[in-house]
Amino acid sequence: MKSKFILPVILFIAISAASCKKNLEETAYSFLSANTVFSTEAGLKQATLGIYDSWRANPSWDIFYQWVLAEVGQRYVTAGMSGDRMITPFYGFSHNPSDLNITNIWPRIYQTIARANTVVAHADEAVSDQAVADTYKAEAKFSRAYAYFNLVRLFGGVPLIKSEVNSIAQKDEIFGTQAAVQDIYDFIIEDLQFAESHLPPFWTGADLGRISAGAAKALLGKVYLTGAGLPLKNTQYYQLAVNKLSEITGSGEATYNYGLLPDFESVFADNNRKNKEVIFAWTNLWNYTYSHSGTIVPYFLFPPYFLGTVTESQYGLTPEFYNLYESADIRKNVTAVARYLSLPAGDSIIYDFSTNRFRNETQGGSIVGNTLLPFTGLAYAKFGRTPIDPSQLSVPTDYSSDLIQMRFSDVLLCLAEALNETGQTTQAVPLLNRVRERAQATQYPVGTQEEVRQQIRKERRLELTGEYTTVFDIRRWGTLKEEIAAMDPGQVLNNALSPYDTKLELYPIPQAELDANPSLTQNPGW
């Protein structure tokens, strides 16, 4: 779902919310007023599409930066076949407040919030039917909630901008102070409760892919589960997570059109978008007419010539991660690539576990990738594996892969965890085993609460690695110190693995934002 133009008024608001002083002094050479945009439902719909678009639009690098911040800071990450350029310094925990990933993500997410605030402020002006207006506001509030959920998990307390910013006179919003983490969670929950109450259970036809009540309930359940962990440790949220996630599982699956697909790999197939396992995703459809209409994320993850074009595999999964899977687990070779045919030549590329490198078996076992690296990991490939069309070779970085943000298996594992943490271990294990059964993995027995806790945490790794959840899980569980202690310095280029420090539980506030907004303070230790 994508907008072909961006409303100048929304761009102006986004610039204001980013709190950049020099941008506030720019001259607007064209302007489309809110009265014009929100005079019809068509304008309201276009503005709402602009919110969806903000999650995946240019600059295209930001899309990968989001992935890096959510997935790289963990024990099973190392350099890819092409190097580690795109994951440095995050896999060695030596990042700082000026790193581009951190600097770019902050304004990117606030752009989404600004667009959402504009739709919420003006939806009632565009349509007279309150139910229709509330549907658009619900979609906007969902995105706003998800934006703040990402911000609070990335940075902790951040400015909480609840309403439209359309004037430089609104200094309290533009130069806002950091809200308490609990206040941010309260606002997220309020937005999602509105969304679940004003959206249909699911969408069909041309509306497939729009945020539904089911998606709002799923995300709300995950928000409760996250808030029950660190740093809030609001343990009453565990039961609220159980209550909410139970609404869309069991008998609720038919109501909200959710379920597990029989085949794990098909969940991610480009010809199977918006299937019933996808809770919500950001759509990418490559078109040569539009620059970066696809996503660059697979480009920096796929191994070279995996789909017939050059890629820069800048991220690798360690052999230790690969070996966490049972041999029959079908997720093993969907998540991490141990062998493949290099197209179009058809060379057989196989990972050599004795040397931690890929080799070209067709050409006598020569090393594939950067030969200067002492260690490379298995390539990540949990995306649609559609061979590249020859017409796309001029833009080899763009792929038509949806960026799935949450799946139904995540719902099942979140519910299992919430049940276990509330002492309902016997009820938790069947949900865990439902995920494992689809994977053709051994069923877990009902054990102690601690045993099941560890099984669930491992299962989230096996099922969801690469899906915008790994770093956030580690932080809410409080296991980052264990993660770093378990790492071999050799898996980080030049042995540049930093020791654990409590400051690493959050990313630093971007230095550019501190320079622009005197009301902000840096996170402790940075």
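Residues numbered from 1 in each chain as written. Predicted model: local features only at pLDDT ≥ 70, side-chain atom pairs only at ≥ 80, totals over all residues. Heavy atoms only, no water.

Colleague: Before we go on, may I ask you to explain the packing of aromatic side chains in this structure?
Modeller: What characterises a pair of aromatic rings is the spacing of the ring centres plus the angle enclosed by the ring planes. Within the structure shown, the criterion is met by 34 aromatic pairs. Its end group placed over the ring of F194, K141 keeps NZ or CZ at 4.0 Å from the ring centre. Sitting over the face of the ring of F472, R153 holds its NZ or CZ atom 3.9 Å from the ring centroid. (Phe/Tyr/Trp six-rings, centres within 6.5 Å; stacked < 30°, edge-to-face > 60°. Lys NZ or Arg CZ within 6 Å of the ring centre and 35° of its normal.)

Colleague: Help me out: how do you make sense of the pattern of salt bridges in this one?
Modeller: Proximity of charged atoms lets side chains of opposite charge pair with each other. Applying the stated criterion across every chain, the model contains 35 salt bridges. For the salt bridge of D53 with R56, the shortest nitrogen-to-oxygen distance reads 3.5 Å. Pair check on accessibility: D53 and R56 agree, each one buried. Connected through shared salt-bridge partners, E277, E326, D329, R331, K382, R407, R436, R438, E459, E463 and E467 make up one network. (Salt bridge = Lys/Arg side-chain N within 4 Å of Asp/Glu carboxyl O. Buried < 20%, exposed > 50% of the residue type's maximum accessible area, 1.4 Å probe, protein only.)

Colleague: Mind showing me how you'd approach the side chain of T318 here?
Modeller: Residue placement: T318 occurs in the loop between β3 (316–317) and α13 (319–322). Here T318 falls in the buried class, since its relative accessible area comes to 1%. Filtering out sequence-adjacent residues up to four positions away, T318 remains in contact with R75, Y76, V77, T78, L378 and Q491. (Helix = DSSP H or I, 4+ residues; strand = E, 2+ residues; numbered from the N terminus. Contact = heavy atoms within 4.5 Å.)

Colleague: What should I look at first to understand the sheet that holds strand β5 (residues 339–342) in this one?
Modeller: In spatial order, the strands read β5-β6-β7-β8; together these four strands make up an open sheet with antiparallel pairing. Across the chains shown, the open sheet's two edge strands, defined by having one partner strand only, are β5 and β8 (366–368). For this sheet the average axis-to-axis angle between neighbouring strands, irrespective of direction, equals 40°. Sheet analysis places β5 next to strand β6 (residues 347–352), joined by four bridges and oriented antiparallel. Residue pairing for β6: S342 is matched across the bridge by D347. (Pairing = 2+ DSSP bridges. Axes fitted to C-alpha atoms, helices over the stretch in contact; angles between N-to-C directions.)

Colleague: Honestly, the side chain of D410 in this entry has me stumped. Any pointers?
Modeller: Within the secondary structure layout, D410 lies in helix α15 (residues 408–421). Residues in contact with D410, not counting those within four places in the same chain, are K222, R460 and L464.

Colleague: What exactly am I supposed to notice about the environment of L431 here?
Modeller: Following the sequence through the fold, L431 ends up in helix α16 (residues 425–438). For the pair L431 and D62, spaced 369 residues apart in sequence, the C-alpha to C-alpha distance is 35 Å. Among residues more than four places away in sequence, those in contact with L431 are L412, L415, A416 and L419.

All quantities given are derived from atomic positions and should not be read as evidence of function.
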